[in-house]
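Report on the structure
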Amino acid sequence: MKISYNWLSRYLSQIPDPLETADILTLTGLEVEEIEQTGSDLTGIVVGEVLDVQPHPDADRLVVCSVDIGDKEPSQIVCGAPNVEAGQKVPVATVGSVLPVPLPDGSPFKIRKAKIRGQKSAGMICAEDELGLSDDHSGIMVLDGSVTPGTPFTDVVTTYRDTVYEIGLTPNRPDATCHLGVARDLAAVTGARLQKPLDALPDITGRLEKGTIGITDTDKCHRYTGILICGITVGESPGWMKNLLQSIGLRPINNVVDITNFVLHELGQPLHAFDYRLLSGGRINVRSFDREMKFTTLDEVERTIPAGSLFICDGEKPVALAGVMGGHNSEITAGTTDLLIESAYFEPTGIRKTARNLALQTDSSYRFERGVDPNITKTAALRCAELVRQICGGNINGIADVHPVRTEPLEIELRHERNNLLLGVPIDAGKVVQILERLEFDTFDTIEQKSGKAVAASDRSDHNTSTIWRCTVPTFRPDITSEIDLIEEVARIFDYNNIPDPERITIAQPEPVPFREQFLEKVRSTAVAAGLKEIYTNSLLPEHLYEPLGGKSVVVPTLNPITKDQALLRTSLLYGFLRSAAYNFNRGINGVQFFEIGNIFRKTDDGGTWIEGIHESTHLHIGIAGQAHSDHWKSPARNYDIFDLKALVQSVMQQLGLDQAVEWRLSGDELLLTAREGSKLHPDRFDGQSDRSGNSKPLILGALSPVSPEWNKRTEVEVPSFSSDLQIDLLQNLVQKSESRTYKPVSRFPSFAFDLSLVVNKNVASGDLEKSMYIIGGSQLKTVEVFDVFEGGSLEKNQKSIAFRLTFQDNAKTLTIKDVDPVIKKKKKKLGSEFATELRS
């Protein structure tokens, strides 16, 4: 939100310099994010007389001008304006001067001697926009012919300089959406007198005919004030008003519209002016419709307005979209003579919903969404009417103020002792009262009463720390609802810098960090240690991905998308990875290794996680794309492959202590990461799933795969990319139940190693043999390792020999071959029947 320093100064008896003002505002909670200097003193700009104009020999659209700027010799200036002619008096920026409008890159526009297409040019003949006087760039500015060449341009025009603050306003401060609200905070800090522009409001005795203003939906419109003014003249606004509006980025339109904008930014109350002659029946009714409506707004765009949105209607039709934008069918034009000023209080939720449905935020909706002061409605209308009468002429014919729902000020008690205790510094009671009253809180003592009436706090001088005040909260501060809010008001005006650091502090025993948070942090640190970079991507995806993501049966669309690019809840983290990869590739990065932890959302018929019909789960996504390393004299460039991704995932699993609890399975183009059945780290975590034959099904923890060409094309990724998606909840469950997380003392007894060499068919995987050995081996079998694989020799072509080293250990005794032999025999028999193995001699 933009705030003008010059505008602020209209409401304060004194004001600090611009930089100090910015510091004060930031310290009071109105953070100044940017300071912009507007206008210029136009130093070095003089009046010149064009003596001669000749075509440029090497450019059709340029001319070479001889210009008298008051020096002994005329200056040669190359100009491209279509309207330059000999005999004109024009503003000339001399060499060394700086124009008030910066260059496109933000650097100062300094005039230098130059050669333009081979012709010398010493200066610049200026257009109005180049001097910061208007947006007109149709040609050079032509001055009155009576002005003498060399006269400073500031003697011809009045310059206007200002400092404009960009304030990052928080949603809880609707009172600060205007210059008067910001000035109130400044006055509270500096002690300056707040000069409200409300002393000369008109006393309107005439009343509009009963029924002129009606409110059908009183739950959506609590108050509506209308003032009828006849006989006005629509024209240009006075210079002072145009300067103030332009300083905050508003384009002056005409005096009526400019006045409504001025009061909006002065008092924070949105206003609208209707051409009264265009209102059918001369009546206003505030209502909504139970169906969609077509309506053309002031910007001449026909919009489809959702059912339930609030309209301002005349006797026949809608004429404005309440709280958002007026209608094209009742706008002010040059021929308007009678107008109806609207000032209203609309319920914030309804305006917010309408504005978001239409993706249309205006200065009015910005304020109504946050909640304007319901008790300034009439005052703002009167202020507008008075300015219209002063600037546009006309007579005020009458007023109607319909107020079906009234808002009463809230009363809150504030304990002086509590205030000082929480702030940690003794603040004098008189200072507390002074701060609150400067912020326009009416404050009364409640500890001492005379004749049943509370004593005004300002009338007491014997305040002590047991004082309790009853404070009346002004209705322009809906954010103040409890005692702690009042204490915060005292603190921010008192200045947090005036609160000393405590000599000692009491540190409360922190709550234990939940295992879930510990686990997520462990995953993050493990992924970073593996060389991955963490990314955070949007959980809302573009509308055009609806079908590619699975369509109606899977995808959850948002009800009121902010834009078409944020219309769907993500069903995986793949899209975010690919878009991030593409962003990096477009900026010269050759390869990426990213990970992300985030939630995904899918439709389900089985209840829902938090909301019926929507399953939400947390996933770990690891993705790689592009080059594993670039060209080097030692080796050529190499692209990532699926095995690079597998190695990264295995590294993460190992650091989480799950390398013995998981295993890989090939399924089509995917590598599935599953919980290992019978793992010593996790013997009982096999989920109980089974297929129709009764055999247990593996618990799938995640999958690795190459990214399909279709998804690469959608995200503009032109290099090989690979993606893995792992379920955080299942990984966490494995880690929680893993024996590796429980301390066990080192056995006092030595281990016993036994080598077993088996001949099997080449199609048998060593992992399947290993898994079966763990199941048979019992608690004494600690590890199974492959140490040799042999093919050829005396073996048949379809056979191979695999040598395993089995390590046994017992915590109660030293094992011998007699203890291990029964287990070995059992293994041989089981493996022989299951895999047709033979003992290699």
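Residues numbered from 1 in each chain as written. Predicted model: local features only at pLDDT ≥ 70, side-chain atom pairs only at ≥ 80, totals over all residues. Heavy atoms only, no water.

Moving on: the sheet that holds strand β16 (residues 284-288). Pairing in this open sheet of 5 strands is mixed, and the strands run β13-β16-β19-β20-β21 from one edge to the other. Edge strands, defined here as strands with exactly one partner in the open sheet, are β13 (213-215) and β21 (325-326). (Pairing = 2+ DSSP bridges. Helix = DSSP H or I, 4+ residues; strand = E, 2+ residues; numbered from the N terminus.)

The next point concerns a negative patch on the surface. A cluster of acidic residues, E31, E33, E34 and E36, forms a negative patch on the protein surface. The topology assignment puts E31 in strand β2 (residues 31-38). (Patch = residues over 30% accessible without salt bridge, like charges linked within 9 Å, V, L, I, M, F, W, Y side chains within 5 Å. Areas by Shrake-Rupley, 256 points an atom, 1.4 Å probe, with all protein chains shown as cover. Salt bridge = Lys/Arg side-chain N within 4 Å of Asp/Glu carboxyl O. Lys, Arg positive; Asp, Glu negative; His and termini not counted. Charge placed at Lys NZ, Arg CZ, Asp CG, Glu CD.)

Looking now at the pattern of salt bridges. In total, this model carries 32 salt bridges according to the counting rule given. A salt bridge links E266 to R383; its shortest N-O distance comes to 2.8 Å. On the criterion of sequence distance, the pair formed by E266 in helix α5 (residues 255-267) and R383 in helix α8 (residues 377-392) is long-range, its members being 117 residues apart. Judged by relative accessible area, which is 11%, R383 ranks as buried. (Buried < 20%, exposed > 50% of the residue type's maximum accessible area, 1.4 Å probe, protein only.)

Now for the packing of aromatic side chains. Counted by the stated rule, this structure contains 8 aromatic pairs. Considering the side-chain rings of W7 and F262, the 5.0 Å spacing of their centres and the 10° angle between planes classify their relative orientation as stacked. Within this pair, whereas W7 is found in helix α1 (residues 5-9), its partner F262 is found in helix α5, the two being separated by 255 residues in sequence. In this pair, the class of W7 matches that of F262, namely buried. Here the aromatic rings of F346 and F368 are separated by 5.1 Å at their centres, their planes lie at 65°, and the arrangement is edge-to-face. Taken together, the positions of F346 in strand β22 (residues 339-346) and F368 in helix α7 (residues 363-370) put the pair 22 residues apart, joining distant regions of the chain. Take F346 and F368: they sit in the same class, and that class is buried. Among the aromatic residues, those joined into a cluster by ring pairs are W7, W240 and F262. In this structure, R184 packs its charged tip against the face of F476, placed 4.0 Å from the ring centre. (Phe/Tyr/Trp six-rings, centres within 6.5 Å; stacked < 30°, edge-to-face > 60°. Lys NZ or Arg CZ within 6 Å of the ring centre and 35° of its normal.)

By the element assignment, P270 lies in the loop between α5 and β15 (271-275). P270 sits 29 residues away from M241 along the chain, and the two C-alpha atoms are 17 Å apart. Apart from residues lying up to four places away in sequence, P270 is in contact with L264, E342, S343, S364, R367, F368 and V372. (Contact = heavy atoms within 4.5 Å.)

Take the environment of S635 next. Secondary-structure assignment places S635 in the loop between β33 (614-629) and β34 (638-639). Under the relative-accessibility criterion, S635 is labelled partly exposed at 29%. For the pair formed by S635 and A582, sequence separation is 53 residues and the distance between their alpha carbons is 26 Å. In this view, S635 contacts H629 and S630; residues no more than four positions away in its chain are not counted.

This brings us to the sheet that holds strand β30 (residues 556-557). Pairing in this open sheet of 3 strands is antiparallel, and the strands run β29-β31-β30 from one edge to the other. If you trace the sheet from one side to the other, it starts and ends with β29 (540-541) and β30, each paired once. Direction of pairing for β29 relative to strand β31 (residues 568-569): antiparallel, over a ladder of 2 bridges. Across the sheet, L541 pairs through a bridge with L568, a residue of β31.

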